[in-house]
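Summary of the model geometry
Here are the chains, one letter per residue:
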Amino acid sequence: GVTMPIASLATQFEVPQIAFGATNAKLSAKTEYPFFLRTIPPDSIQAAGQWRFIAQFQVGSVTYLYGEESYGEGLFQSVSTLAAQKGESYRLEAASIT
């Protein structure tokens, strides 16, 4: 996507940037992107909700299908990290589609 490069330019020129669809958790780093704001939660918050659902309802297996782009990859990576922290990576599978 173009959001991160534009966020870098916004920082350089001290111009606020508001994104309605950028969820990459890296954009939450206020030291790196102090002028970046979003209207949608970052991947980390969406992933926490998805993992809570999987764990709460004891879903045995979940397959993520996502496009080869930062949103899909980032969201799956965030959920995968949460599953690994709980020692439950076996519940998740993924396939990227082009």
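This text gives an overview of the structure that appears in the document.

Broken down by element type, the protein chain carries three helices and four strands. Of the regular secondary structure in the protein chain, the N- to C-terminal order runs α-β-β-α-β-α-β. With the C-alpha coordinates aligned to their principal axes, the bounding extent of the protein chain is approximately 50 × 30 × 20 Å. Within the span of the protein chain, comprising 98 residues, buried residues form 31% of the whole.

Membership of the largest hydrophobic core is limited to 11 residues, which are A47, W51, I54, V62, Y64, Y66, L75, F76, V79, A83 and L92. Listing elements by their share of this core, those giving two or more residues are α2 (43-56), β3 (62-67) and α3 (70-85). At four residues, α3 tops the list of elements feeding residues into this core. Each residue touching L92, except ones within four places of it in the same chain, is listed here: I54, V62, Y64, F76, V79, S80 and A83. Within the second largest apolar cluster, six residues are counted, among which are A19, A22, L27 and Y33.

A few words now on the packing of aromatic side chains. Geometrically, a pair of aromatic rings is defined through the distance of the ring centres and the angle of the planes. A complete count under the given rule lists three aromatic pairs for this structure. A centroid spacing of 4.9 Å and a plane angle of 50° characterise the contact between F53 and F57, whose relative ring orientation is tilted. Take F53: its relative accessible area is 48%, and that puts it in the partly exposed class. Exposure remark for F57: the relative accessible area of 55% places this residue in the exposed category. Between Y66 and F76, the ring centres sit 5.8 Å apart and the planes meet at 20°, which makes this aromatic pair stacked. Placement of the pair is Y66 in strand β3 and F76 in helix α3, with a sequence separation of 10 residues. Through a chain of ring-to-ring contacts, the aromatic side chains of Y64, Y66 and F76 assemble into a single cluster.

This paragraph deals with the pattern of salt bridges. Applying the stated criterion to the full structure yields one salt bridge. Across the pair R91 and E88 runs a salt bridge whose closest N-O atoms are separated by 3.0 Å. By the burial criterion, R91 is buried, and E88 matches it.

Moving on, we come to a nonpolar patch on the surface. Residues L9, F13 and V15 make up a contiguous nonpolar surface patch of about 300 Å² in total accessible area. Topologically, L9 is positioned in helix α1 (residues 3-13). Exposure remark for L9: the relative accessible area of 45% places this residue in the partly exposed category.

Note: β3 against strand β4 (residues 92-97), six bridges, orientation parallel. Within the sheet, the bridge partner assigned to V62 lies in β4 and is L92. Between the parallel elements β3 and β4, the chain passes through α3 in a crossover that is right-handed.

Reading guide: rules and limits
- Residues numbered from 1 in each chain as written.
- Predicted model: local features only at pLDDT ≥ 70, side-chain atom pairs only at ≥ 80, totals over all residues.
- Heavy atoms only, no water.
- Helix = DSSP H or I, 4+ residues; strand = E, 2+ residues; numbered from the N terminus.
- Buried < 20%, exposed > 50% of the residue type's maximum accessible area, 1.4 Å probe, protein only.
- Core = buried A, V, L, I, M, F, W, Y, C linked by side-chain atoms within 4.5 Å.
- Contact = heavy atoms within 4.5 Å.
- Phe/Tyr/Trp six-rings, centres within 6.5 Å; stacked < 30°, edge-to-face > 60°.
- Salt bridge = Lys/Arg side-chain N within 4 Å of Asp/Glu carboxyl O.
- Patch = residues over 30% accessible without salt bridge, like charges linked within 9 Å, V, L, I, M, F, W, Y side chains within 5 Å.
- Areas by Shrake-Rupley, 256 points an atom, 1.4 Å probe, with all protein chains shown as cover.
- Pairing = 2+ DSSP bridges.
- Right-handed = clockwise from strand over helix to strand, strands pointing away.

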